[in-house]
Structure formats: C-alpha cells, structure tokens
Amino acid sequence: MTAVTPAMIKELRERTGVGMGKCKEALEEAKGDMELAIANLRKAGMATAVKKEGRETKEGMIGTAEGSNAIAVVEVNAETDFVVKNDRFKQFLENIAEEAVNTNPPSLDAFLQQKYSKEPSLTIDQYRATIVQTIGENIQIKRILMLKKSPDRSLGVYSHLGGKIVTVVELTGSNQEGSLAKDIAMHTAAAAPEYLSPETVPQEIIANEKDIAKGQIQGKPANIVDKIVEGKISAFYDAHCLVRQKYIKDDTITIADLVNKRAKEVGKPLTVSNFIRWNVGQ
C-alpha cells in the first residue's frame, strides 16, 4: 500500500477536477494507486475529462530543424523557466537540433557521444557541459526524434507556446501536402489526441473503458447496456483518436473528412499515417 500524501491528492484533483475530500477518499480506497482512483471516480460519475498526466515538473523547450532528408525534433530541459528564456539556452537548442538533422543519429545515446561539428574537440555531451558551466544551471538533452522524408509523404510541424508543445503530422500519398499536414499538426496541439485511429487503441484500454462504462450503468437490460457501452466507446474514439476528432477550424467535419476532401481535390489518396505530440516534461 502506498501512503496517500497531500501531493498525490493535489495531483488527482488537478487531473480530475474532483474535490479534495473525494480525491483523498478515492486514493485511500485505492491504496494509493492513482490510476485505480481515477477509474473509480469515473465509475462513480465524478470524473469526466481526465488529464493523462499531472502538471509538468520540468522546464525546457522543444526545437525542430528541417533538412533535405529529415526533420529533427529535440527536447532540452533546464531547472528554471528563467533559463529557458535565456538567449544562450535558445541558441544551444537551435544548434543541437541542426546537428541532429545534419547527422541523423540512431539514438540519443549515440548522439551525445558523437563529435560536435562546430567544435570537433568536443562531443555533443561535452558541448552541453560547457553550456551548463556558462549558464550555471543543469541542462539536459532529454530526447530526440528523427523523421525521414520520402517522395510519398508530407510532414507538417507546429510549435505552440514558444516550444512548450510541438506536434508533427505525417500524411501518406503525396509530398506536396505540407500545408495540410501543418494545419492538422496545429489541430493536434490544441485537441491533444492520444491515438491515431480506433484501430491503434490498445485492447486493454478499450476493455478498461468498457468496464468503466458498465460501472456507470445500473439496473438496465443486457441489450440496452451493450448499446450504451458501444455508444460510449464510440464517443471515446471521437475524443481521443485524431482522425475521429472534429477539426478545430471547422467542427462540422472530422480530420478524416478534411483529408478525404483534399484527396478528392488533388485526385490522390491521402492518409494521416502518423503524428507526434510532445509536451515539455512529458
């Protein structure tokens, strides 16, 4: 059993919007298991919109760089937001993103050990250490992602809140649809989908949602329960799957509708094949 702390109660409150007293009770009943407490609150009809994560605990910024063959996405963390706004920090992030897109590293570990092209006497990690000494605060390169370009794909990148959130959307079927991909990336920043499509939702997630839905229904015939559960699962897909979400610029259509409309206009099949949504500290 995990001891229930004020910090845990505060996190549950922030994630569910439920009162502090009920959050404390839920955590105690769940023996400190945060996810179980959330599930129980949802079954009781108390929690509706639940944040996937608690509040961000790290400061930092996400940067991108585009080359002829790829796009690099890099997150660099610092201790305080004051440092993140520092020009030296911003320049470091820009340099790191450019280095990544120019060298296409296979992993973060490999990237940290490779030579820094602008100063070959240093590795990337040693270059980072010089920035730590200059700024006087711990700086860490948390993660990198390389997205390769290809003749049949379009990539759209969107940065929100000064690099606190960065999204990338990939469209398959043409390399001329960067504008559409960026519009969908902007939507992704705002709507925060967790999955690409219903087919990509893990079965255990669907099973859990069905269990929660059934827990909210009492005393109805089995066939009615099944229909209600089916409706709730469909609503879950609409809320959490990118292609099923209502487009933020036109809520009369879904993202799938938007892409299909463009496909008809250009006479080519287009598909949203992938997306990423990075939050600082995620």
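Scroll up to find the structure.
Please read these numbers as outputs of a predicted model, since none were measured by experiment.

**Student:** Account for the sheet that holds strand β10 (residues 271–279), with residues named and values stated.
**Tutor:** If you walk across this open sheet you meet the 3 strands as β6-β7-β10, and the pairing is antiparallel. Each having just a single partner strand, β6 (153–160) and β10 make up the two edges of the open sheet. Each neighbouring strand pair of the sheet contributes to a mean axis angle of 15°, computed without reference to strand direction. Pairing of strand β7 (residues 165–172) with β10, which is carried by 8 bridges, proceeds in the antiparallel orientation. Each residue of the ladder has a partner; that of Ile165, found in β10, is Asn279. Packing of helix α8 (residues 178–191) onto the sheet brings it into contact with β6, β7 and β10, and relative to β6 it is tilted by some 40°.

**Student:** Account for helix α1 (residues 6–16), naming residues and giving values.
**Tutor:** In an α-helix, one full turn covers 3.6 residues, which means residues spaced three or four apart are oriented alike. Within α1, burial applies to Met8, Ile9, Leu12, Arg15 and Thr16. For α1, the buried positions fall inside an angular range of 130° around the axis, keeping them on one side. Seen from the open side of α1, the exposed residues pointing more than 90 degrees away from its buried face are Pro6 and Ala7. The secondary structure elements touched by the buried residues of α1 are α2 (20–29) and α3 (34–43). Immediately beyond the C-terminal end of α1, within one or two residues, lies Gly17, with a positive phi of roughly 80°.

**Student:** Explain unusual backbone geometry to me, and be specific about the residues and the numbers.
**Tutor:** Backbone geometry places Lys31, a non-glycine residue, at a positive phi of 55°. Residue placement: Lys31 occurs in the loop between α2 and α3. On the basis of relative accessibility, which here comes to 52%, the residue Lys31 falls in the exposed class. Its identity as a non-glycine residue notwithstanding, Ala192 has a phi of 50°, on the positive side. Among the secondary structure elements, Ala192 is positioned in the loop between α8 and α9 (203–215).

**Student:** Please provide a residue-by-residue account of the environment of Gln282, values included.
**Tutor:** Checked against the element boundaries, Gln282 lands in the segment after β10. For Gln282, a relative accessible area of 35% gives the class partly exposed. When the C-alpha atoms of Gln282 and Gln126 are compared, they prove to be 25 Å apart, with 156 residues separating the residues in sequence.

**Student:** Give a description of the packing of aromatic side chains that names residues and reports values.
**Tutor:** For the structure on display, the rule yields 3 aromatic pairs. An aromatic cluster of at least three residues, connected via ring pairs, comprises Phe92, Tyr116 and Tyr127. The ring of Trp278 is capped by Arg143, whose NZ or CZ atom sits 4.0 Å from the centre of that ring.

Cut-off values and rules
Residues numbered from 1 in each chain as written. Predicted model: local features only at pLDDT ≥ 70, side-chain atom pairs only at ≥ 80, totals over all residues. Heavy atoms only, no water. Pairing = 2+ DSSP bridges. Helix = DSSP H or I, 4+ residues; strand = E, 2+ residues; numbered from the N terminus. Axes fitted to C-alpha atoms, helices over the stretch in contact; angles between N-to-C directions. Contact = heavy atoms within 4.5 Å. Buried < 20%, exposed > 50% of the residue type's maximum accessible area, 1.4 Å probe, protein only. Arc of directions from axis to C-beta. Phe/Tyr/Trp six-rings, centres within 6.5 Å; stacked < 30°, edge-to-face > 60°. Lys NZ or Arg CZ within 6 Å of the ring centre and 35° of its normal.

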